[in-house]
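Spelled out from the first residue to the last, the chains are:
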Amino acid sequence: MEEESAEERLLYSARHGDVDSVGGLLQERSSGELQLNIDCEGQSKANLGWTPLHLASYFGHKDVVQLLIDNGANVNVVNNVGDTPLHRAAFTGRMEVVMLLLKNQAKVDVINAEGNTPRGLARTPEIRNLIEGVYKRNTQILKANSLF
C-alpha cells in the first residue's frame, strides 16, 4: 500500500479539524524536517482543487484556520471553481471563520466561476451584512485614496 503524502495528511487533517495533526505537520515544515506546501490542492474526489484552508473554512474548524493562517496560508487562494476560503465559510454559515478570514485581509470582492462573491453565497443575513460592510468600507478607502 502506498504511503500518504504530507500534503494528503494535511488536507485530511484540515478537513476533519485535527488541530494536533495539522500543528505537528506545520511544526515539521517550519523546522525543515518536512517539505510541505501549505496551499496544496486536493487531488481526490472529496477535496479536488481545495486547499487545507478551504477545507477548514468550509467545515468551520476555526482553530485549524487560525493555525494555517499563522503559518502562512494564503487567505485569498482560489480553488478549481474560483472560490476563496471566504466563499466557502460564508456559504456554510461559519461566522467565526468568516470574521477570522476578514481580520486577516480576505478579499470580499472575488468573483468565482459561477459569478458569485462571498456575499452572494452567504448563508445568513448576518454574514451577508458583515461582508457588505467590509466591502463598503474598502470602497470608501479606495475613493479617499484616489483623491490624493
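All of these numbers come straight from a predicted model, not from anything done at the bench.

## Observations concerning the overall build of the chain
Within the chain, the secondary structure is distributed over 8 helices and 0 strands. Listing each helix as α and each strand as β along the chain from the N terminus yields α-α-α-α-α-α-α-α. What you see for the chain is a C-alpha radius of gyration of 16 Å, in line with the 15 Å of a compact globule of 148 residues. Projected onto its principal axes, the C-alpha positions of the chain cover 60 × 30 × 25 Å. When burial is assessed residue by residue, the chain has 38% of its 148 residues classed as buried.

## A few points about the side chain of histidine 87
Tracing the backbone through its elements, the reader meets histidine 87 in helix 5 (residues 85-91). We classify histidine 87 as buried; its relative accessible area is 0%. Of note is the side chain of histidine 87, whose polar atom sits 3.1 Å from the backbone oxygen of valine 110. What histidine 87 contacts, discounting residues up to four positions off in sequence, is Gly82, Val110, Asn112, Asn116, Thr117, Pro118 and Leu121.

## Here we look at the pattern of salt bridges
In this structure the tally under the stated criterion is 3 salt bridges. With a shortest N-O distance of 3.1 Å, aspartate 83 and arginine 88 are connected by a salt bridge. The class of aspartate 83 is buried, set by a relative accessible area of 4%. Assessed through its relative accessible area of 9%, arginine 88 is described here as buried. The salt bridge involving lysine 136 is made with glutamate 132; its shortest N-O contact spans 4.0 Å. Separated by 4 residues within a single helix, lysine 136 and glutamate 132 lie in helix 8 (residues 125-146), roughly one turn from each other. Residue classification places lysine 136 among the partly exposed residues on the basis of a relative accessible area of 49%. Members of the salt-bridge network, linked through shared partners, are Arg119, Glu132 and Lys136.

## Notes on the environment of lysine 45
Looking at the element boundaries, lysine 45 is found in the loop between helix 2 (19-30) and helix 3 (52-58). The exposure class assigned to lysine 45 is exposed, which follows from its relative accessible area of 85%. Once the C-alpha coordinates of lysine 45 and valine 110 are considered, the two residues, 65 residues apart in sequence, prove to be 25 Å apart.

## Brief notes about the UniProt feature "repeat: ANK" (unreviewed entry) in the chain
Mapped onto this structure's residue numbering, the UniProt feature "repeat: ANK" (unreviewed entry) falls at residues 48-80 and 81-113. End C-alpha to end C-alpha, residues 48-80 measures 8 Å, and it is 48% helix and 0% strand.

About the thresholds
- Residues numbered from 1 in each chain as written.
- Predicted model: local features only at pLDDT ≥ 70, side-chain atom pairs only at ≥ 80, totals over all residues.
- Heavy atoms only, no water.
- Helix = DSSP H or I, 4+ residues; strand = E, 2+ residues; numbered from the N terminus.
- Rg over C-alpha atoms; globule rule 2.2 N^0.38 Å.
- Buried < 20%, exposed > 50% of the residue type's maximum accessible area, 1.4 Å probe, protein only.
- Polar contact = N/O pair within 3.5 Å; in protein donor to acceptor, adjacent residues only side chain to side chain.
- Contact = heavy atoms within 4.5 Å.
- Salt bridge = Lys/Arg side-chain N within 4 Å of Asp/Glu carboxyl O.
- UniProt positions renumbered as here; feature names shortened; annotations may be inferred.

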